[in-house]
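# Understanding the architecture of this molecule
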Amino acid sequence: MPLRFPAPRLTRRRAAAGLAAALALSAIPSRAAEPVVLRVGDQKGGNRSLLEISGFGKDLTYTIAWSEFPAAAPILEALNAGALDVGYTGDLSLLTAYAAGAPIKAIGGTRSDPRSQAILVRQDSPIRSAADLRGKRLAGTRGGWGQFLIDATLEKAGIKLEDATFAALNPVDAKVALVAGSVDAWAVWEPYVSFATLKDKARVIADGEGLTPTITFIVASDSAIATKRAAVQDLLERLNKARLWSLDHLDTYARSTAALTRMPEDVLRAAYGAQRSSPIGIDDGVVAEIQAASDRATRYGILGKRLDVTRVLDRSFTAAAPNAN
């Protein structure tokens, strides 16, 4: 007859404790992960409308909280203050903000034809070429494309920077100043170039060809890259697809954006045709190009010190993109 031993009391207690724990856990309601909200800075007729018009803004697995700004400068300020996760700006403005300590990185962007940056004069101006800019008052944005294009154009023409006067004005004020005659020339980009030439009969006397990268960067805060990376990557890929769509639908894109911005459709069609903005990844070529532009901006005094641009250009998003080399 086999011997039978009672189960140890400790084992029974453990079993009872385990059962109690399981019942307690089953009573706790399951909690889904907190939804990701991506705070994105935009301008009227910018990336939000591009995503909507192209159809690439649908079926998001996260929420985009859009904020509209009048220009890129306040977008950079909001990124620096931690009020935004993603925004966009020109290459030189990115470097200016980074040099000032903004905790941001460029993660991708678009390249436009450099001729879509230009120096304009009034139709009746005696200025006919860059060589005539000596001693003139020249308007442009400080620390961005305007100032850089003016300095690079003067240098190319053999004119010392101190032999012309730089007037730091935003595009709206600079346009008024040019029409009123309080400045002699204005360095600006599209769609302001097309508006000025089509509507105000301004003339182009120089452009950015061979002088400027003409890259608009998609910028993310260091915090968003660390905590919302998947959403940031997805948004970047959608923007790239939408930008490629726009190249094949310039008329539709211009018509839709004109309704949003109240800017003339013919101006936007001309601007988009001139820009031919195409998505780029951040690779060796872009890094070298931006480093050269940064060094040039330092020489001009736009940047106070030499920058190592690899610290602000994040190549990991390009490496993670589908079909990336």
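Look a little higher up for the structure.
Being a predicted model, the structure only gives us computed values, none of them experimental. (Residues numbered from 1 in each chain as written. Predicted model: local features only at pLDDT ≥ 70, side-chain atom pairs only at ≥ 80, totals over all residues. Heavy atoms only, no water.)

Let us look at the packing of helix α10 (residues 250-261) against helix α11 (residues 265-275). At a minimum axis distance of 8 Å, the contact between α10 and α11 shows a crossing angle of 130°. By the angle between their axes, α10 is oblique relative to α11. Classified by chirality, the crossing of α11 by α10 is right-handed. Taken together, the residues of α11 that come into contact with α10 (itself represented by Leu250, Asp251, Tyr253, Ala254, Arg255, Thr257, Ala258 and Thr261) are Glu265, Leu268, Arg269, Tyr272 and Gly273. Looking at the contact of α10 with α11 residue by residue, the class counts come to six nonpolar, three polar and four charged. (Axes fitted to C-alpha atoms, helices over the stretch in contact; angles between N-to-C directions. Helix = DSSP H or I, 4+ residues; strand = E, 2+ residues; numbered from the N terminus. Parallel < 35°, antiparallel > 145°, perpendicular 65-115°, else oblique. Left-handed = near helix turned anticlockwise from the far one by under 90°. Contact = heavy atoms within 4.5 Å. Nonpolar A, V, L, I, M, F, W, Y, C, P; charged D, E, K, R; others polar.)

Between glutamate 190 and the following residue, proline 191, the backbone shows a cis peptide bond with an omega angle of 5°. Inspection of the secondary structure puts proline 191 in the loop between β8 (185-189) and α7 (192-199). One non-glycine residue, aspartate 59, lies in positive phi territory at about 55°. With respect to the helices and strands, the residue aspartate 59 is situated in the loop between α2 (47-54) and β2 (63-68). Located in the positive-phi region is lysine 201, a residue other than glycine, with phi close to 60°. On the basis of relative accessibility, which here comes to 45%, the residue lysine 201 falls in the partly exposed class. (Buried < 20%, exposed > 50% of the residue type's maximum accessible area, 1.4 Å probe, protein only.)

Let us look at the environment of threonine 214. Within the secondary structure layout, threonine 214 lies in the loop between β9 (203-207) and β10 (215-221). For the pair threonine 214 and arginine 111, spaced 103 residues apart in the sequence, the C-alpha separation amounts to 6.0 Å. Other than its neighbours up to four places away in sequence, threonine 214 contacts Asp91, Thr110, Arg111, Ser112, Asp113, Pro114, Ser116, Gln117 and Trp145. In terms of polar contacts, threonine 214 uses its side chain to reach the side chain of glutamine 117, at 3.2 Å. (Polar contact = N/O pair within 3.5 Å; in protein donor to acceptor, adjacent residues only side chain to side chain.)

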